[in-house]
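The residues making up each chain are set out below.
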Amino acid sequence: MSGANGSTDPEVPAAPGTGRAPRSARRGLGRLRGWGGVAGMALALAVAAGALVPLARHGDAADAATVAGPGVARAEQAKADDCKDPEASLSPSSADGPNIDAIKRRGKLIAGVDQNSFRWGYRNPATRTLEGFDIDLVKAIAKNILGDENAVIYRAIPTSQRIPALQNGTVDVVVRTMTVNCGRIKQASFSTAYFEAGQQVLAPKTSAITGFDDSLKGKRVCVAAGSTAFDALKANAHGADYQDFTVPNQLDCLVRLQQNLVDAIVTDNALAAGQAAQDPAVQLKGSPFTTEYYGVAVKLGNTDLVQRINQVLVDYRNGGTNSPWMTAYRKWLAADLPGISSPPAPKYRTG
């Protein structure tokens, strides 16, 4: 239900063909072990329906500039049939264009985000506001385009609906721990990378699972539909059953792990680290088995918006240890993902 400030309260989705919430979902919130405060709220939000819903609104007009400096990586333009550097994006620009103009006329940036991922995009139970690393980046984009970091309409979108939300115009941007890859650049346009992550296994500390290997054989593995983790399991599941445990939202998996309905989760280690911080009973297993880069996604072909976001990211990375990027990293991620000294260098297309 939406309140006066545009916030929403989640509803438990109905089981297919029943009109009623699944029994495990109805009982789950009362049976979660070791959860409270922020973590408890995050879990409650994890069973929210997957509809695209406005979350919060805030206010209007300006922009910033600067050009890419030293340390910029260069890459050849990724082609659909010869994709080597999907994270290579367009050169940064502070110029306006048709999509920037439309956002300015509206006076709001509409951002597709997560409200369930601790440290990345989650609702603070004390303030009922969205917070996290991704949310800070949304605010920087709004500040650049509209002159007000709060001039944002947030919409909660499940993992599987990130690209459809762009294609049907429900949102202007998706800032939701979204990996840039060769398949997705055919469906959406992406900014340069703003974070480097990798796929990893999350399981109970007492589990005999050792990582993304044959220790998964016969295990129930939860994964989010439309995620790169799903693609990894589809390519090689190591004998795990994942098709019966595929869910719309990544955090839905943690609910099932807490309820002993699955044995493990495969997801981005950046997200899993936050979940492990919330629940001392689980841990990351093995090592990351991929290298992936998160980018801001926009509708395919919205060139002016991509270039403007890339300009925002130039400014966001600048400043060394005092850059907005490093400030956000220390605030949200350093405790769970220590040892990162700088953001990933951007790659730009040539030719």
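Rules of the game
- Residues numbered from 1 in each chain as written.
- Predicted model: local features only at pLDDT ≥ 70, side-chain atom pairs only at ≥ 80, totals over all residues.
- Heavy atoms only, no water.
- Disulfide = S-S within 2.5 Å.
- Helix = DSSP H or I, 4+ residues; strand = E, 2+ residues; numbered from the N terminus.
- Buried < 20%, exposed > 50% of the residue type's maximum accessible area, 1.4 Å probe, protein only.
- Pairing = 2+ DSSP bridges.
- Contact = heavy atoms within 4.5 Å.
- Axes fitted to C-alpha atoms, helices over the stretch in contact; angles between N-to-C directions.
- Core = buried A, V, L, I, M, F, W, Y, C linked by side-chain atoms within 4.5 Å.
- Phe/Tyr/Trp six-rings, centres within 6.5 Å; stacked < 30°, edge-to-face > 60°.
- Parallel < 35°, antiparallel > 145°, perpendicular 65-115°, else oblique.
- Left-handed = near helix turned anticlockwise from the far one by under 90°.
- Nonpolar A, V, L, I, M, F, W, Y, C, P; charged D, E, K, R; others polar.
- Polar contact = N/O pair within 3.5 Å; in protein donor to acceptor, adjacent residues only side chain to side chain.

Engineer: Help me understand the state of the cysteines in this model?
Structural biologist: Defined simply, a disulfide is a covalent bond joining two cysteines at their sulfur atoms. A full pass over the atoms with the stated rule returns two disulfides. Each sulfur in the disulfide pair Cys-83 and Cys-182 lies 2.0 Å from the other. Because the torsion about its S-S bond is -85°, the bridge between Cys-83 and Cys-182 counts as left-handed. Of this pair, Cys-83 sits in the loop between strand 2 (73–76) and helix 3 (98–106) while Cys-182 sits in the loop between strand 8 (173–174) and strand 9 (188–197), and the two are 99 residues apart along the sequence. With a relative accessible area of 22%, Cys-83 lands in the partly exposed category.

Engineer: Any chance you could explain the sheet that holds strand 10 (residues 199–204) here in plain terms?
Structural biologist: The strands making up a sheet associate through hydrogen bonds between their backbones, and the pairing can be parallel or antiparallel. Read from one edge of the open sheet, five strands run 12-11-13-10-14, paired in mixed fashion. The strands lining the two open edges of the sheet, one partner per strand, are strand 12 (246–247) and strand 14 (282–285). Running at roughly 155° to strand 13 (residues 264–268), helix 7 (residues 250–258) makes contact with strand 10, strand 11 (221–224), strand 12, strand 13 and strand 14 of the sheet. Relative to strand 13, helix 8 (residues 269–278) is tilted by about 125°, and along the sheet it contacts strand 10, strand 13 and strand 14.

Engineer: Help me understand the nonpolar core, please; the structure alone is not making it clear to me.
Structural biologist: Looking at soluble globular proteins, one finds that nonpolar side chains tend to be buried together. By size, the foremost hydrophobic cluster in this structure holds 45 residues, and its most contacted members are Trp-120, Phe-133, Ile-141, Val-173, Tyr-194 and Phe-195. With nine residues, the single largest contributor to this core is helix 4 (residues 133–146).

Engineer: Quick question: what am I supposed to make of the packing of aromatic side chains here?
Structural biologist: What characterises a pair of aromatic rings is the spacing of the ring centres plus the angle enclosed by the ring planes. Considering all chains together, one arrives at 14 aromatic pairs under this definition. Between the aromatic rings of Tyr-122 and Trp-332, the centroid separation amounts to 6.4 Å while the plane-to-plane angle is 85°, which identifies the pairing as edge-to-face. Here Tyr-122, found in strand 5 (residues 121–123), pairs with Trp-332, found in helix 10 (residues 324–332); they are 210 residues apart in sequence, far enough to count as distant. Like Tyr-122, the residue Trp-332 is buried in the burial classification. Taking 6.1 Å as the distance between ring centres and 20° as the angle between the ring planes, the aromatic pair formed by Phe-195 and Trp-325 counts as stacked. With Phe-195 in strand 9 and Trp-325 in helix 10, the pair connects residues that are 130 residues apart, well separated along the chain. Each member of the pair, Phe-195 together with Trp-325, is buried. Aromatic ring contacts, followed pair by pair, group Trp-120, Phe-133, Tyr-194, Phe-195, Tyr-294, Trp-325 and Tyr-329 into a single cluster.

Engineer: Would you mind going over the environment of Gly-301 with me for this structure?
Structural biologist: With respect to the secondary-structure elements, Gly-301 resides in the loop between strand 15 (292–299) and helix 9 (303–317). On the basis of relative accessible area, Gly-301 is assigned to the exposed category, the value being 52%. Along the sequence, Gly-301 and Gln-187 sit 114 residues apart, while their C-alpha atoms lie 9.6 Å from each other.

Engineer: What am I meant to see in the packing of helix 4 against helix 9 here?
Structural biologist: Helix-helix packing is described using two parameters, namely the angle between the two axes and the distance between the axes. Helix 9 packs onto helix 4 with a crossing angle of 110° between their chain directions and a minimal axis gap of 10 Å. The orientation of helix 4 relative to helix 9 falls into the category roughly perpendicular. You can see that helix 4 and helix 9 cross each other, and the crossing is right-handed. For the pair helix 4 and helix 9, the contacting residues are Asp-136, Leu-137, Ala-140, Ile-141, Asn-144 and Ile-145 in the first and Leu-305, Arg-308, Ile-309, Val-312, Leu-313, Asp-315 and Tyr-316 in the second. Taken together, the residues that form the contact of helix 4 with helix 9 break down as nine nonpolar, one polar and three charged.

Engineer: Would you mind going over the environment of Thr-192 with me for this structure?
Structural biologist: By the element assignment, Thr-192 lies in strand 9. In this structure Thr-192 comes out as buried when scored by relative accessible area, which is 0%. For the pair Thr-192 and Gln-307, spaced 115 residues apart in the sequence, the C-alpha separation amounts to 9.4 Å. Apart from residues lying up to four places away in sequence, Thr-192 is in contact with Glu-87, Ser-89, Tyr-294, Gly-295, Asn-310, Leu-313, Arg-317, Pro-346, Lys-347 and Tyr-348. Side-chain polar atoms of Thr-192 contact the side chain of Arg-317, separated by 2.7 Å.

Engineer: Just to check I follow, could you spell out the sheet that holds strand 4 (residues 116–117) for this structure?
Structural biologist: Strand order in the open sheet formed by three strands is 4-5-6, and the pairing between neighbours is antiparallel. At either margin of the open sheet sits one strand with a lone partner, and together these are strand 4 and strand 6 (130–131). Taken together, the two bridges between strand 5 and strand 6 define a ladder with antiparallel strand orientation. Across the sheet, residue Tyr-122 finds its bridge partner in strand 6, namely Glu-131.

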